[in-house]
Amino acid sequence: MKKIKFLFVLLATLVWLPAGAQSVPELPIDKDVRIGKLPNGLTYYIRHNALPENLASFYIAQKVGSVQEEESQRGLAHFLEHMCFNGTDNFPGDRLIKYCESIGVKFGHNLNAYTSTDETVYNIDDVPVTESNIDSCLLILHDWADGLTLDPKEIDKERGVIHEEWRMRSSASQRIFERNLPKIYPGSRYGLRFPIGLMSVIDNFKPEELRAYYEKWYRPDLQGIIVVGDIDVDLVETKIKEIFSPIKAQENPAKYETYPVPDNNVPIYIVDKDKEQQMTQILMFFKHDPMPDQLKKTLNYVAVKYLISMSEQMLNARLQELAQKPDCPFALAQAGDGNFIMSKTKDAYSLVVIPKPGQETAAVQVAMQEVERATRFGFTATELVRAREEFLSAEEKTYDNRDKQRNDFFVPQYVRHFLENDPIPSIEDSYQTYKMLVPQMPVEAVNQAFQQFTCSVDTNFVLLAMFPEKEGVTIPTSDDMKKAVEAAKKAELTPYVDNVKNEPLVPNLPEPKALPEAKDADFGYKVWNLDNGARVFFKQTDIDDSQVLFSASSFGGKNKTSDADIANVKAFDFVVNSCGVGNFTQTELQKKLAGKQASVNVTLGELSEQLSGESTPKDLRTLFELIHLRFQPAIDDNDAYNNIMNLVKASLENAEKNPMKAFNDSIMATIYKNQPRKAQLNRADLDKVTYEGIKKVYAERFASAGDFDFFFTGAFNPDSLKAFVAQYIATLPGVKNREQAVDLHIDPAKGKVDNHFRRTMETPQAIILQIWHGKQPWTVNDAQVVSAFGEILTQRYLKSIREDAGIAYSVGARAELERDVNDEYQLTIQCPVKPASLDSALLLMRQGIEDIAAKGVTAEELDKVKKYAEKALADNQKKNGYWDDVITEKVVWNKDSRTGCEAAIQGVTSDKIRAFAKKVLLKQGNCITISMLPANFSEEGMSGK
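All residue numbers refer to position in the chain's written sequence, counted from 1. Given that the model is predicted, a residue must reach a pLDDT of at least 70 before its local features are reported, and side-chain atom pairs must reach 80 or more before they are shown or counted; all residues, however, enter totals for whole chains, interfaces and linings. Just so you know, side-chain values use all the structure's heavy atoms and leave hydrogens and water out.

Explanation requested: the side chain of N407 in the structure shown.
Helical segments are the DSSP runs of H or I of at least four residues, strand segments are the runs of E of at least two, and each set is numbered from the N terminus. The residue N407 is located in helix α14 (residues 407-420) in this model. At a separation of 3.5 Å, a polar atom in the side chain of N407 contacts the main-chain carbonyl oxygen of L55. Beyond its immediate sequence surroundings of up to four residues, N407 is in contact with N49, L51, P52, L55, A56, S57, V228 and G229. Contacts described as polar in this section are N or O atom pairs within 3.5 Å, which, within protein, must combine one atom able to donate a hydrogen with one able to accept it, while residues neighboring in sequence count only if both atoms come from side chains. Residue contacts are counted whenever heavy atoms from the two residues lie within 4.5 Å of one another.

Below, the structure is given as C-alpha cells:
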C-alpha cells in the first residue's frame, strides 16, 4: 500500500481540489443506470440504450473463479461454466441453446461465457426485444444462478470437450507459463489455480463434487445481473424482482475470501524454454498493490489512473523511438499497468521485451535503462503535452458520440463495477472531470508517480523469460538476466532529449481544383468524377457522430507485380505501414499526429491496391493530408524498415518448430499446389526482401490516384469534404486509362485432394481443415442460400462432433459466394480434434453434408439462421462499415448485395440448400482435406487422451 498512499499524498498537494474542500469528492454514478440489490443479496444493473435498435444484452457476473477451488477441485469452476449450456431446470438438455438460436442468438458468438481466476461471466448478447424474449433470457440467467441440472450423463460427455479445449490451448508459452506459476506466485493460491485445471480432476471427479461446488459458490450475494438495451427499465426491474427474489440466500454461507499475492522480498528471475516457442519473450513486472475499493469512488482514483496512463504513453513512445535505432538490441518493448498477470489482489507495472535473436541480455539491459532514465530524470513537459492531447482527443471522440454508444460500450463497465468496484460515471461527467483535472496535472506529478512504481528491482520485481529450445543454442541464465537488470540500474545515463519536427504534414499545399457537380450514385451516395480520372463516392450519415470512414481501391495489386518481387510483396503491407510518409519518419509522424484521431493504412491485395482509414469530423483535414501523402514517393525511413524487419525475424526465429505454422504452410501448399505466390512468409523470404524493392512496388502501385475510387462515409460536413477533395485528391496525378483486374489463374486444386501428415509436437494434438470450392455465379439470392448452408452445418457439427461425440472443443463451417474476377463458392470446415478420433470427425463432417444433400434441412434449423441473418442485417445497416462495403462491391464488382437482401433471406428454403449441397458442392466434388496428427501418436498409447 505504500506506493498508493504516496500517490494520495502527492495528489493532496495539487491545486485541482475545490478551495476549502475537507475531503476528496466522490465520482457520481451515471444516473441512467439503475442499480439495485434484492433482499437475498443479488445486485442488478439496468440501462435503457437505443443502439443497437430493438436489441438488448443480458449478463450474469459471478464473483467466483478457479481461485475458489480446493486442490481436489482444480478445473471445476471452468467445467461448471460449460455445464451451464447443457441443461437447466427450465431449459433441459440442449433447449437453452436451441431457444437462443431460435431468436437469432448464436451459440459461441452472442451466447457465451468465460472463467478466470476470480470471476465467471455469462452473456446473451443482441437479443431481439420482445416481452417474451426478455422473460426467457432472464429465466436463463436465473437458471444459471440457481437451476443447473448437472445431469451425470451430460457431465461425462463434457469431460471430452474440456479435454480437447485443454489440448487445443496447450501452446508453448502457456506450458512455460503454467509450469512456472508457483515460482511467479510463491506462497499464493494463484500459483496453483490456472483456470483450465488439471485433466486428472476433469477426467475423474464425481458429479456430486461439481454439484457441491455449484451450491457452495453460485449464490445471490456473489451474483450480479446486467441488462442493457432498448428496453423499458421499470418493466425489466419488475421482472428481475419477480424472477430472482425467490432464490434464497444461503444460511451460514461459506466465507468468500480473496487471496493475497505476497510481496517478494528478493527479486524473482525465471528462465524457461520450449521446443515450440516461436520467439523469445521477456516479461518484467514491478508489483504493487491495487487501488483499494473504497477509494475507487473518488476523484483520486481518476487522477492516479490518469498519471499512470500518461507514464505508459510517454514511456512507450520512447521505447518505440529507441527500437527504430539500428543498434538497439530489441525489436519491440512495451510497458503497461494492470493486474499482475491473473490476480486481482496484486497489480504490476510491466515491461514486455522482444529481443533480436542472440541479444537477449542486452535487450533487457537497454529496455530497463530506458525505464531507469525516466525514473531518474523524469519525462519532459513537451512529451506530456503530446500524451495529454492524445488522451483528451480520445475522450472527446467518446463524448462527441455520447448519445450513440452501443450496448457493448456500457456492459463491460457495469461488469467491472460489480466485480471490482470500478467507477461508472456518465460520459458527460467523465469528460468534464478530465477537462478539469488534466490541465492541473503537471509533468512533475507524472514523474513522481512513475518513480514510485519503478524505483526498485530489489523487491517485488519478477522477470519471466521464455525461450525457444534449439539444439546447439545456449540461452542466458537467470543470473545473466539479473546482471542485465542490475547493470541497467547502475548505468550512467543522460536525460532524454525530445526532438520534434515542427513543419506541416504537407509542406507545399496544392492549389485546389474545381470539382464537377456531384451526381447521384447507389445506396444514397453521391459521386464526383474528377478530371484526373479518380471517382469520389460519399454518403453523409448520422450513425456515429465521431466517425468518418474512408476506403479507396484500384485494380492491380499483387497480380501486377513480377515473380522477382514475390518476397517483397509478402512483406509489403507491414513494411509500408510501419514507415513514415512525406518528410516524416515513423517516429516523427507519431509525434506530429499526437492528439489527432486520423489514420490511413495501405494494403496490397491480390487484385487491387487499397487504402483504408478513418477520422473524427474534427480531424478530417488530417485524414486528407495522409491520403495525399500516400500518393507521394515512399520516404527513406531506413530505421523503421530495419526495426519492423527485425521484429518479423524475431517472430520467425523458431517458427519451423511450431506445429500450427507447419499446418498453415501445408494448407497453402496443398490448396495452391506449391505456388510460390500463395506461400506464407517464411524466414528464407526475409533474406530476399529489400527496402528498395518494396519502394519500387509502392511507386508502381501508388504512382497515381487517377484510377482509384475513393469512398467516404460518416458524419462529415459536406462543404469541408468538398474543399478537401478539391485540394488533396483532385490535385493528385491522373491516368489516361484505368487498369483492369488481372487473373493469374492460380486456382485451388480441383477434385479430391488429401494431405494427411504427422508432426512432432509437445502436446499431442490433431486438426482438420476441409475446403470445398467451385464456380458459381453470384446473386444476392444464392449468396444467402450458401451462407445458410454453412450456418446449419455448424449447428449440426457442434451437436454431432462436440456435444454427442465429445471429440472436439470447437468446430465450425463457413460457406460463402465470393464476388471476384470469377464468382465462386467456398465452404471451409475447421476442427481441432482428439487425435484418436480424427477419422470419426472426418466421417461426421462428410455425413453432415450428405445428410443435407439427401434430406435438406429442418424448418427449425432454417428459422434459426433466418432470424440471425435478419437481425444481423438490420444491425449492420446502423454501421458505417456496412455502407462502405455495399458501395465498394457495387462500384468495383458491379454486385448489389443490398437490394433485395431481406427478401433473399426470407427466400431461402430447404430445397434450395439441398440443391446447392447435392447439385453444386457434391457434384463438382472439389474437396481439399488437410489434417495433422502427432508424429508419436498411437491409439493404444494415448487412449484418445
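In this structure, what is going on with the packing of helix α18 (residues 566-576) against helix α24 (residues 691-701)? I would like to understand it.
To get an axis, a line is fitted to the C-alpha atoms, and for a helix only the part in contact is used. The angle between two axes follows their N-to-C directions and goes from 0 to 180 degrees. At a closest axis distance of 10 Å, the pairing of α18 and α24 adopts a crossing angle of 85°. Our classification of the angle between α18 and α24 gives roughly perpendicular. Contacts from N568, A571, F572, V575 and V576 of α18 reach α24 at Y691, G693, I694, V697 and Y698. Each residue is assigned to one of three groups, with Ala, Val, Leu, Ile, Met, Phe, Trp, Tyr, Cys and Pro labelled nonpolar, Asp, Glu, Lys and Arg labelled charged, and all others, Gly among them, labelled polar. Here the residues of the contact of α18 with α24 are counted per class, giving 8 nonpolar, 2 polar and no charged. Throughout this description, any angle smaller than 35 degrees is read as roughly parallel, any larger than 145 degrees as roughly antiparallel, any in the 65 to 115 degree range as roughly perpendicular, and the remainder as oblique.

Looking at this structure, how should I read the packing of aromatic side chains?
Note on aromatic pairs: each is described by the distance of the centres and the angle between the planes. For this analysis, a ring pair means two rings from Phe, Tyr or Trp (six-membered ring only for Trp) whose centres lie within 6.5 Å, classed as stacked if their planes differ by under 30 degrees, edge-to-face if by over 60, and tilted for the remaining angles. Under the definition given, this model contains 43 aromatic pairs. Taking the centre distance of 6.1 Å and the plane angle of 25° together, the rings of Y349 and F453 count as stacked. In this pair, Y349 is assigned in strand β10 (residues 343-355) and F453 in helix α16 (residues 443-454), connecting sequence segments 104 residues apart. Exposure class is identical for Y349 and F453. Each is buried. Seen in terms of ring centroids, F708 and F710 are 6.1 Å apart; in terms of plane orientation they differ by 40°. Their pairing is tilted. For the pair F708 and F710, one class covers both residues: buried. By the ring-pair criterion, three or more aromatic residues cluster together here, those being F550, F572, F624, F631, Y698, F702, F708, F710, F712, F724 and Y728. Should the NZ of a Lys or the CZ of an Arg lie within 6 Å of a ring centre and within 35 degrees of the ring normal, that charge is described as sitting over the ring. Directly above the ring of F418 sits K63, whose terminal nitrogen or CZ lies 4.6 Å from the centroid. Whether a residue is buried, partly exposed or exposed follows from its accessible area with a 1.4 Å probe, protein chains only, as a fraction of its type maximum: under 20%, in between, or over 50%, in that order.

What am I meant to see in the pattern of salt bridges here?
It is possible for side chains of opposite charge to pair when their charged atoms get near one another. Take a side-chain nitrogen of Lys or Arg and a carboxyl oxygen of Asp or Glu: if they are within 4 Å of each other, that pair is a salt bridge. In the structure shown here, the tally under the stated rule is 71 salt bridges. The salt bridge partner of E164 is R167, with a shortest N-O separation of 2.9 Å. Taken as a pair, E164 and R167 lie in helix α5 (residues 152-169) at a separation of 3 residues, close to a single helical turn. For R167, a relative accessible area of 2% corresponds to the buried category. R677 is the salt-bridge partner of D563, the closest N and O atoms lying 3.1 Å from each other. One end of the pair, D563, is in the loop between β15 (548-555) and α18; the other, R677, is in the loop between α22 (659-671) and α23 (683-686), with 114 residues separating them in the sequence.

Just checking my understanding: could you explain the confidence of the model for the protein chain for this structure?
Detailed reading of the predicted coordinates is not advisable wherever pLDDT falls low. Residue-level pLDDT values for the protein chain average 95, and 97% of them are 70 or greater. Per-residue pLDDT stays below 50 along residues 940-945; that stretch engages in 12 contacts with residues further than four places along the chain or on separate chains. Known as pLDDT, the predictor's per-residue confidence is scaled from 0 to 100.

Even after reading the chapter, I still don't get the nonpolar core, so can you show me in this structure?
Generally speaking, nonpolar side chains in soluble globular proteins are found buried as a group. Note on terminology: a nonpolar core comprises buried Ala, Val, Leu, Ile, Met, Phe, Trp, Tyr and Cys residues joined through side-chain atoms within 4.5 Å. Counting residues in hydrophobic clusters, the biggest one holds 139 residues, and the most contacted among them are I124, W144 and F789. For this core, the element with the highest residue contribution is helix α26 (residues 780-804), accounting for 11 residues. When residues no more than four places from it in sequence are discounted, the contact partners of F789 are A815, L827, I849, I852, I913, F916, A917 and L921. Judged by nonpolar contacts, the second largest core, of 62 residues, contains L530, V548, F712 and F716.

So what exactly am I meant to see when it comes to the environment of D429 here?
Turning to its location among the elements, D429 is positioned in helix α15 (residues 427-437). Between the C-alpha atoms of D429 and A684, which are 255 residues apart in sequence, the distance is 55 Å.

Please explain the pairing of strand β6 (residues 223-229) as it appears in this structure.
Across a regular strand the side chains alternate sides, sitting on one face of the sheet and then on the other. Within β6, 7 of the 7 residues are buried, which leaves it mostly tucked inside the rest of the structure. Across the two faces of β6 the burial is the same, with Q223, I225, V227 and G229 and G224, I226 and V228 all buried. Note that strand β2 (residues 43-48) and β6 share 6 bridges and pair parallel. Across the sheet, R47 pairs through a bridge with V228, a residue of β6. Here, any two strands with at least 2 DSSP bridges between them count as paired.

For this particular structure, what's the right way to read the sheet that holds strand β4 (residues 111-115)?
Through backbone hydrogen bonds, the strands of a sheet pair up, either in parallel or in antiparallel fashion. Judged by pairing direction, the sheet is mixed, and its 6 strands sit side by side in the order β1-β2-β6-β3-β5-β4 without closing on themselves. The open sheet is flanked by β1 (33-37) and β4, the only strands paired with a single partner. Neighbouring strand axes in the sheet, compared pairwise and without regard to direction, differ in orientation by 15° on average. Across the sheet, helix α4 (residues 131-146) touches β3 (55-62), β4, β5 (120-128) and β6, and the angle it forms with β3 is around 10°.

Could you clarify how one ought to interpret unusual backbone geometry in this entry?
For residues besides glycine, phi is generally negative; the peptide bonds are generally trans as well. Residue P52 follows L51 across a cis peptide bond; omega there is -5°. Of note in the backbone geometry, N252 takes a positive phi value of approximately 50° without being a glycine. Relative to the assigned elements, N252 resides in the loop between α10 (233-244) and β7 (268-274). Backbone geometry places F523, a non-glycine residue, at a positive phi of 60°. Relative to the helices and strands, F523 is located in the loop between β12 (519-520) and β13 (526-529).

What's the story with helix α9 (residues 207-217) in this structure? I'm lost.
By the burial criterion, the buried members of α9 are L210, Y213, Y214 and W217. Taken around the axis of α9, the buried residues stretch over an arc of 100°, which confines them to a single face. Elements that come into contact with the buried residues of α9 comprise α2 (76-83), α4 and α5. It is the directions from the helix axis to the C-beta atoms that the arc portrays.

How should I be thinking about the packing of α26 against helix α27 (residues 838-855) in this particular structure?
In a packed pair of helices, the relevant descriptors are the angle between the two axes and the axis-to-axis distance. At a closest axis distance of 10 Å, the pairing of α26 and α27 adopts a crossing angle of 135°. Considering their axes alone, α26 and α27 lie oblique with respect to each other. Crossing geometry of α26 relative to α27 is assigned as right-handed. Between α26 and α27, the residues in contact are F789, I792, L793, R796, Y797, S800 and I801 and A841, L844, M845, G848, I849, D851 and I852, respectively. Helix crossings get a hand from a simple test, with the near helix turned counterclockwise from the far one by less than a right angle marking a left-handed crossing and a clockwise turn marking a right-handed one.

What exactly am I supposed to notice about the environment of N133 here?
One can find N133 in helix α4. When its relative accessible area of 9% is taken as the criterion, N133 is described as buried. The sequence separation of N133 and I729 amounts to 596 residues, and the corresponding C-alpha distance is 50 Å. Other than its neighbours up to four places away in sequence, N133 contacts Y99, I103, V127 and P128.

Any chance you could explain the sheet that holds β15 here in plain terms?
Across the sheet, which stays open at both edges, the 7 strands sit in the order β12-β13-β14-β18-β15-β17-β16 with mixed pairing between neighbours. The open sheet is flanked by β12 and β16 (598-604), the only strands paired with a single partner. As paired strands, β16 and strand β17 (residues 608-615) are joined by 7 bridges and run antiparallel to one another. Bridge pairing links A598 to S615 in β17. Where helix α25 (residues 718-729) meets the sheet, it contacts β13, β14 (535-540) and β18 (709-714), and its direction lies at approximately 165° from that of β14.

Would you take a moment to explain α27 for this structure?
Given 3.6 residues per turn, any residue in an α-helix points the same way as the ones three and four places further on. Given a helix with a known number of residues, its expected span is that number minus one, times 1.5 Å. Taking 1.5 Å as the rise per residue, α27 with 18 residues should run 26 Å; its terminal C-alpha atoms sit 26 Å apart, in good agreement. Restricting attention to buried positions, one finds in α27 the residues L838, A841, L842, M845, G848, I849, I852 and A853. Seen end-on, α27 carries its buried residues on one side only, within an arc spanning 130°. For α27, exposure combined with an orientation more than 90 degrees from the buried face picks out D839, L843 and K855. Where α27 is buried, its residues touch β19 (752-759), β20 (766-775), α26, β22 (824-833), α31 (910-924) and β23 (927-934). Following α27 by one or two positions, G856 adopts a phi angle in the positive range, close to 75°.

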